[in-house]
Protein chains: 2
Amino acid sequence: MEPNTSNMQQQQPSTCLEITMEVHRVVPPPHKSTIQKLKTRLKETFFPDDPLRQFKGQPTRKKWILAAQYIFPILQWGPNYSLKLFKSDIVSGLTIASLAIPQGISYAKLAGLPPIVGLYSSFVPPLVYAVLGSSRDLAVGPVSIASLILGSMLRQEVSPINDPVLFLQLAFTTTFFAGFFQASLGFLRLGFIIDFLSKATLIGFMAGAAIIVSLQQLKSLLGITHFTKQMGLVPVLSSVFHNIKEWSWQTILMGFCFLVFLLMARHVSMRRPKLFWVSAGAPLVSVIISTLLVFAFKAQHHGIGIIGKLQEGLNPPSWNMLQFHGSHLGLSIKTGLVTGIISLTEGIAVGRTFAALKDYKVDGNKEMMAIGLMNMVGSSTSCYVTTGAFSRSAVNHNAGAKTAVSNIVMSITVMVTLLFLMPLFQYTPNVVLGAIIVSAVVGLIDIPAAYQIWKIDKFDFIVTLCAFFGVIFISVQHGLAIAVGISIFKILLQITRPKTVMLGNIPGTDIYRDLHHYKESMKIPGFLILSVEAPINFANSTYLNERMLRWIEEYEAQEDLKKPSSLRFVILEMSAVSAIDTSGIALFNELKRAIEKKGAELVLVNPLGEVMEKLQKSDEAGDFMRPDCLFLTVGEAVTMLSATIKGQSSNHVV
Amino acid sequence: MEPNTSNMQQQQPSTCLEITMEVHRVVPPPHKSTIQKLKTRLKETFFPDDPLRQFKGQPTRKKWILAAQYIFPILQWGPNYSLKLFKSDIVSGLTIASLAIPQGISYAKLAGLPPIVGLYSSFVPPLVYAVLGSSRDLAVGPVSIASLILGSMLRQEVSPINDPVLFLQLAFTTTFFAGFFQASLGFLRLGFIIDFLSKATLIGFMAGAAIIVSLQQLKSLLGITHFTKQMGLVPVLSSVFHNIKEWSWQTILMGFCFLVFLLMARHVSMRRPKLFWVSAGAPLVSVIISTLLVFAFKAQHHGIGIIGKLQEGLNPPSWNMLQFHGSHLGLSIKTGLVTGIISLTEGIAVGRTFAALKDYKVDGNKEMMAIGLMNMVGSSTSCYVTTGAFSRSAVNHNAGAKTAVSNIVMSITVMVTLLFLMPLFQYTPNVVLGAIIVSAVVGLIDIPAAYQIWKIDKFDFIVTLCAFFGVIFISVQHGLAIAVGISIFKILLQITRPKTVMLGNIPGTDIYRDLHHYKESMKIPGFLILSVEAPINFANSTYLNERMLRWIEEYEAQEDLKKPSSLRFVILEMSAVSAIDTSGIALFNELKRAIEKKGAELVLVNPLGEVMEKLQKSDEAGDFMRPDCLFLTVGEAVTMLSATIKGQSSNHVV
């Protein structure tokens, strides 16, 4: 960003003080009032996507239509819906239904809820999402991690076995709060909160959660009846090996066979995405075959646990079960917050991934409101926390889903199941449900991604490890909290300890770059050129002060050998200082004084708009605004100031 | 930072594709192993001042001496101590003693402790500090704000009137924890934690605390006997006006006279720093005169409250009073943490201020250990929390203190008082102590500084207001917590919403600057040049993705009117991106794909060392490292790429 200065450099050798070159003045940015600035800032913070820009300049009628379409995206694509699209949607809808039914039953059991609640949750929420959601690929329903968290957190206070009604009430209340938090985040445009769950955190967290979920399945896979209620790796394994007498070989054999079958089906579909239906259909096939086996051999009398009788009929209303008072309210709110945010993260990430693949847009805040409302409606129709599941959405996408109608098809299929097919599940063995869960969560362990993180950023990898080990050894929510805490701590550390870099001139040019990075760059005698690479604020101004004084001392110590006090100018390149506060401004005043005591001068280069403005306001004496202390580029500063030095020394000789 | 490109620009009009200009390659930084990087990072984080550099290359004997001097700074200046220095120190020592005695008694009462504890605390801690501390001007003793916080927090659980022994035990335990936290922060080199108390926070907090402290003095200034135990503005004022019958006119008259006298003395010294002894001596003079008046007129029988009989003798040991168990342990730890950090902030700030005035250095982490050890020793010798007080240190400095010997002189004076002069204080009226406190804390309200903050940074001013109103309406510790929370929230917000700026060319040069800031700068057709002004990480990569796509859309919308899809290159100027993590790297991959879908190309300019390295590691295909996608300056990028466009279009014509 330097000027065309070939003529300047030719002039340098002359001792004449008046130089005729054109220097580019640093000007303050155009004036803006505080209100205007606040407005810009608020807009950039809360409306960076400028959601209302399509409304601008439209007639009133059109505005109403746009608003309705904004709230109900179904009005956008509904009118153009065609039979061709419906053909695609019906195939994908039936495919995800065949996955949703066994998974729904399994995940409900994982959460400690009656299996039928999992089916209820695959009926109402997809319908709500089809009307409100803007993703075309999201397949809505219960997911493993939210189920795990909900179950493990509520179980801390209430036992689902001893007190099933209270547990169910708490689960619905939690679902309500989860939905409420999700919708509020979207409505208040605070969606960026989920960004604090970094990719590194999520990869570690998911892998840990997958292991915890799989460990829980050892109960049904081994046929153990007395199983620990805790979640951690240690208590579960000790419980498994202390109850070795309860292991049932029939169950183990059956579980092993179906697990191998499911994992192989998964492997086939991973290898050939066209064969998506293999892994999509495998769970339902497993359920049917295993149920038939149990029915045929009366295996329930030979140590194989079965689901048992299930109620028929659609979702009963559950708003009377929501509890907004009592001693467990705090627990419901906390659990709602954690499950809400976790399931929101999954839903939004899934939506964004497939939107990017098909090149359409998903509005994060609008999606949050859709998912939130879906859960609030769900909580009063006997559903627990649902969101867009990654595995099911991938199947939906591969099966050719075109719109949210595939969710409606799935929903209707589940409805038919609820109305007429429930008795068929009576003999379904628990061990198959366990195998279905394990084969589903194995995909959450993403070793290549973890390796990639290790390769790129060691610190991020530590975050991943903390999330992983925190989840498996401490608890799901604490592991998550630790990882998020470390991530934020890293950012704060970057801010308190910003980099300052010494710049040198790349010979033959006007370019100044990091001396350590570009080995050919050279120091310029008499000048110390530093670049500050962060916003300056209260958290780092003390550090920057000390660090810069140390730069100066080190410079002087090196130069000492030659001649005393050769340092004439300290140039601060401020292109990377994007913001400053009052402590930062105070830093410049202190630094100026300290540098002047050492007989040198402080020169600022390219302060950005906001910094420039604040420096000007604080600087009544105009010390920083003097044209010989403020330059637009390092090159111009060095050229001009060297000329001054030479001019002075030649005067001195005269 | 652009090259000397006058020859390039002349070549631009030619249609020849091969350009003979020299382009400066972007190179990765020199290789460093993970361990080396970690070492550098840890050093910059915890040892930015490089405290051990003086030890390098010294013989072993010298190293031992340096180490001893490092731990006990008294060994550094002690051997050269002279009679001349002692003359200065004895004057300043006596001056601060005359201030320390009445203030010690007053502040102890403010904390709800027996008055004599204030004198004990002015005896032992200054001696400890004289040996360990590195500031020459710090005058050590109890201070108003720490006394207020200690008193108000402990009073939440224990009453100093009903249960004085327990209260005293808790105060000493709190002092121990405060010292322990202070020393630990220094020892673990976590001193930067106090930087999170920004100047804006402190100004608001100090002003609020001064008002709270003054309100508490209404009890003694008005002679009220039934006073509220709460601290807030509302309960105190309501208590004052509900007990209007208890007001004693003798007390009010006496208080008013002495308050006016003290404030005038303060005013004189503020105007003429040479008359520092006026305000320094005024409190002692007030105490003597008022005591004599009470004694002469037997005023204690006419509604004027007096201190009463005080014990003679030096500090009794109190290590047996420290309580490390029991139900109040949590309270002691919490109070210790808050008072420790607050008094540390004051002590360090005072030390740094006077060190900068006299041009010597104070090592923050070493000071923390000195202050911490001083409080730990204090807690076992009947002292409560002490630190370097701003007002007393200013008097010390003005009185000509040269070394920490002035603290020793003060300490000995206090000792003499404790041994022989205690009976004289028996008739000292409480109202004078109240007046002394009010006149001392008035100086904490710094309206000009608050106005300066308002002028420079409106957001910082909001932080100041929050701290101020939080302290006077909620509570001292909550007000502080709110202000710190808002300050950190502001930083996190800056990170989640970094600025992206569109750059334009300043005509006739190779300089590229913000289009909105430098009005003369111009867009270059076919190019969208964006500058990202923050490190890229998980908290902002989603936002940056959306924001940059919106920049591109807006660019296309504007250009649309002329010709379709004229955008050829999106140039990202990365000079201000000082760090990146895996989410940031993922952002570049996504962005590249999205931009290519629009038929344009992504070009990076000047990625810094760390960013360069990580991009290279993640980029197996070498997409970002291609020389036509990576330039050292925007100028070179634009020149080279325009040549490419022209070359292509001329080929097209052929």
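For clarity, every value in this text was computed on a predicted model and none was experimentally measured.

**Describing the nonpolar core**
Judged by nonpolar contacts, the single largest core of 350 residues is most densely connected at A:Ala209, A:Val603, B:Ala209 and B:Val603. When sequence neighbours within four positions are dropped, the list of residues in contact with A:Val603 reads A:Phe569, A:Val570, A:Ile571, A:Cys629, A:Phe631, A:Ala637 and A:Leu641.

**Brief notes about the environment of A:Phe324**
The topology assignment puts A:Phe324 in the loop between α13 (276-297) and α14 (329-358). Taking the C-alpha atoms as reference points, A:Phe324 and A:Phe624, separated by 300 residues in sequence, lie 60 Å from one another.

**Things to note about the relation of the copies chain A and chain B**
These two copies of the chain differ by a rotation about an axis and a displacement along the same axis. The two copies are related by a screw motion: chain A maps onto chain B through a turn of 180° and a shift of 0.0 Å along the axis, at an RMSD of 0.1 Å. The operation mapping one copy onto its partner corresponds to a two-fold rotation axis. Here 100% of the contact residues of chain A are again contact residues in chain B; the copies associate through an equivalent surface.

**Topic: helix α9 (residues 164-187) of chain A**
Residue and element names in this part refer to chain A. The end-to-end C-alpha separation of α9 is 34 Å, in line with the 34 Å expected for 24 residues at 1.5 Å each. Taking burial as the measure, the 24 residues of α9 include 18 buried ones, the bulk of the element. Two residues or fewer past α9, Arg-189 is found with a positive phi of approximately 55°.

**Section: the interface of chain A and chain B**
The interface is formed by 75 residues belonging to chain A together with 75 residues belonging to chain B. Here the side of chain A that touches chain B is built from residues that sort into 29 nonpolar, 22 polar and 24 charged.

**Some remarks on the sheet that holds strand β6 (residues 569-573) of chain B**
Residues and elements named next belong to chain B. Strand order in the open sheet formed by six strands is β4-β3-β5-β6-β7-β8, with mixed pairing between adjacent strands. Both edges of this open sheet fall to β4 (512-514) and β8 (630-631), since each of them pairs with a single strand only. As paired elements, strand β7 (residues 601-605) and β8 share two bridges and run parallel to each other. Bridged to Val-605 within β8 is Phe-631. Helix-sheet contacts for helix α23 (residues 582-597) involve β6 and β7, and the interaxial angle to β7 is about 135°.

**Focus on the domain arrangement of chain A**
For chain A, the domain assignment lists domain 1 (109-491) and domain 2 (498-653). Put simply, the middle of domain 1 of chain A and the middle of domain 2 of chain A, counted by C-alpha atoms, are 56 Å apart.

**Focus on the packing of helix α7 (residues 124-132) of chain B against helix α17 (residues 405-421) of chain B**
Residue and element names in this part refer to chain B. Look at α7 against α17: their axes get within 8 Å of each other, and the N-to-C directions meet at 160°. Between α7 and α17, the crossing angle belongs to the class labelled roughly antiparallel. Seen along the crossing, α7 lies across α17 with a hand that is left-handed. Contacts between α7 and α17 involve Pro-126, Leu-127, Tyr-129 and Ala-130 from the former and Val-405, Asn-407, Ile-408, Met-410 and Ser-411 from the latter.

**Here's the deal with the pairing of strand β5 (residues 527-532) of chain A**
Residues and elements named next belong to chain A. Counting buried residues along β5, six of its six residues qualify, which places the element largely inside the surrounding structure. In β5, alternate side chains face the same way, and those of Phe-527, Ile-529 and Ser-531 on one face and Leu-528, Leu-530 and Val-532 on the other are all buried. Relative to β5, strand β3 (residues 500-505) is paired through three bridges, and the arrangement is antiparallel. In the sheet register, Met-502 faces β5, and the bridge partner there is Leu-530. Note: β5 against strand β6 (residues 569-573), five bridges, orientation parallel. Residue pairing in the sheet places Ser-531 in a bridge with Glu-573 of β6.

**A look at unusual backbone geometry**
All names here are of chain B. The backbone phi angle of Ser-382 is positive, close to 60°, even though this residue is not glycine. In this fold, Ser-382 is placed in the loop between α15 (364-379) and β2 (387-388). For Ser-382, a count of 26 C-beta atoms within 10 Å corresponds to the buried category. Phi at Asn-606 is positive, roughly 50°, even though this residue is not glycine.

Rules used throughout
Residues numbered from 1 in each chain as written. Chains lettered and ligands numbered in written order. Predicted model: local features only at pLDDT ≥ 70, side-chain atom pairs only at ≥ 80, totals over all residues. Core = buried A, V, L, I, M, F, W, Y, C linked by C-beta atoms within 7 Å. Buried ≥ 20, exposed ≤ 12 C-beta atoms within 10 Å, placed from the backbone. Contact = placed C-beta atoms within 7 Å. Helix = DSSP H or I, 4+ residues; strand = E, 2+ residues; numbered from the N terminus. Least-squares fit on C-alpha atoms with pLDDT ≥ 70 in both. Expected span 1.5 Å × (residues − 1). Nonpolar A, V, L, I, M, F, W, Y, C, P; charged D, E, K, R; others polar. Pairing = 2+ DSSP bridges. Axes fitted to C-alpha atoms, helices over the stretch in contact; angles between N-to-C directions. Domains from an automatic or database assignment. Parallel < 35°, antiparallel > 145°, perpendicular 65-115°, else oblique. Left-handed = near helix turned anticlockwise from the far one by under 90°.

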